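Residues per chain are reported as follows:
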Amino acid sequence: MSDNASVAGGVSLQARIYKQIIITQFIVSIFFMINLLLIATVFSNQVFLSTMRYILFLITLVSDSVFLILSDLLLILYSIYFTMQVSLCIIFYLIVCQCMFVTPVTLTAMTLERYVAICLPLRHPELCSLHNTQKCILIILTVSSVPCFIILSTFIAAASSSVYTQHKLCSMEMFVPLPWQNHFKFAVYQFYFFIMSITITFSYVKIMKVAKAASGENKKSTWKGLSTVILHAFQLLLCLIQLWCPFIESAIIKIDLLLYINVRYFNYVTFILAPRCLSPLIYGLRDEKFLNALQYLQQLFECGEYLKCLDRASRLCYDVVGNHNQHF
C-alpha cells in the first residue's frame, strides 16, 4: 500500500514539475521575444549605438537573452534527468554565471551614468563618450567574470582529475559540494551585493539633492532620472536576492520535498526571470526616444507586411490576366 502511494505521489510530483516547466517555457518565450524586439530597436537607430546608456541597455538585453535560453535549457535537461560530461557543464556554468552577474553590474554602471548626467552635466559628454563606453564594457565583463572564476577555482582545487570525464546532472550547486565552498560563494556574492548597494545608494542621495534644488524643466528631468535609479535599485535587488535562494532552498529540501519544488519554482520565476523583464519597462516604455523608435519600427514592420500583401495580390492579378490572355 505504501509503495502504491509513493508511486502515485511520485507521478503527481513529476506531473507538477512538468506543468511548471510548460508554464516556464511560455514565460521565457515572451521575455525572449520582447528582448529580441528591443535589440532590433537599438540597432535600428545609429543614435542609440553612440550613446552610453543605450549601449549599456543593449548589453543587458543580450546578456539576459543568453541567460534566459541557457538557464531554461539547463532546467529542462535537469528535469528530465539528462546527464552530461562535467567538462561541458563547466562551460555552461561559466556562460550562465557570467550573464547572471553582467546584468546587476551593468545596472550599477547605468546608475552611475544617470548620476553623471544629472549631477555632473557639463562633464557628461566627456565621461560618457563612446571611447569611455568601450572601456566601461570591458570593466563590466571583467568584474562580472571574477566571481565565476573564483568559485570554479575552488571546485577545481577540491575535485579529482577524473571528475571532468564523468556524466552528471548539470546544476550550479554541483560546483559547491563542500560546506566551506558554499560559505565562500556566499561571501563573494555578499561582497558584490554590498558594493552595488553602496553605489546605488550614493547615486540616489546625490540625485535627490539635485532634484530638490532644481526647478522647471530641470526638476522634471531630474525626478525622472531619480525614478530610473529607483527602478534600477529594485531590479538590482531582485537580481541579488537570487544569490540567497540556494541557501534558502538547501534548508527547505531537508523539511519537505514538495515545498522545496514549489519554493524553487517561485524563486526561479520571481528572482531570476522577473528582473530580466524589468529592462523593457525602464527603457522600453519610459524612455520617450526609445519608445518613438520602437513605434517607428513597428510601423515599418506593419508597412512591410502590407507591401508584401500588395505584392502577392499584384502577382496573383498578373497571373490571372496572363492566363486569361493566353486563353483567348
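Bear in mind the structure is a predicted one, so any value in this text is a computation, not a measurement.

Novice: Would you explain the state of the cysteines in this entry?
Specialist: Two cysteines whose sulfur atoms are joined by a covalent bond form what is called a disulfide. In the structure shown here, the tally under the stated rule is 2 disulfides. What pairs with Cys 89 in a disulfide is Cys 170, and their sulfur atoms sit 2.0 Å apart. Its S-S torsion of about 85 degrees marks the bond between Cys 89 and Cys 170 as right-handed, since a negative value means left-handed. Of this pair, Cys 89 sits in helix 3 (residues 86-119) while Cys 170 sits in the loop between strand 2 (167-169) and helix 6 (179-213), and the two are 81 residues apart along the sequence. There is no split in this pair, since Cys 89 and Cys 170 are both buried.

Novice: I would appreciate a short explanation of a nonpolar patch on the surface in the present structure.
Specialist: Together, Val 62, Val 66, Leu 88, Ile 91 and Ile 95 make up an exposed nonpolar region whose accessible area comes to about 360 Å². Secondary-structure elements contributing two or more residues to the nonpolar patch are helix 2 (52-79) and helix 3. Residue contributions to the nonpolar patch peak at 3 residues, all from helix 3. Of note, Val 66 is situated in helix 2.

Novice: Explain the pattern of salt bridges to me, please; I cannot follow it from the model alone.
Specialist: When the charged atoms of two side chains lie near each other, side chains of opposite charge can form a pair. Considering all chains together, one arrives at 2 salt bridges under this definition. Glu 113 is the salt-bridge partner of Arg 114, the closest N and O atoms lying 2.8 Å from each other. There is no split in this pair, since Arg 114 and Glu 113 are both buried. Residue Arg 123 is joined to Glu 126 by a salt bridge in which the shortest nitrogen-to-oxygen separation is 3.8 Å. We classify Arg 123 as partly exposed; its relative accessible area is 42%. The class for Glu 126 is exposed, based on a relative accessible area of 51%.

The rules behind the values
- Residues numbered from 1 in each chain as written.
- Predicted model: local features only at pLDDT ≥ 70, side-chain atom pairs only at ≥ 80, totals over all residues.
- Heavy atoms only, no water.
- Disulfide = S-S within 2.5 Å.
- Helix = DSSP H or I, 4+ residues; strand = E, 2+ residues; numbered from the N terminus.
- Buried < 20%, exposed > 50% of the residue type's maximum accessible area, 1.4 Å probe, protein only.
- Patch = residues over 30% accessible without salt bridge, like charges linked within 9 Å, V, L, I, M, F, W, Y side chains within 5 Å.
- Areas by Shrake-Rupley, 256 points an atom, 1.4 Å probe, with all protein chains shown as cover.
- Salt bridge = Lys/Arg side-chain N within 4 Å of Asp/Glu carboxyl O.

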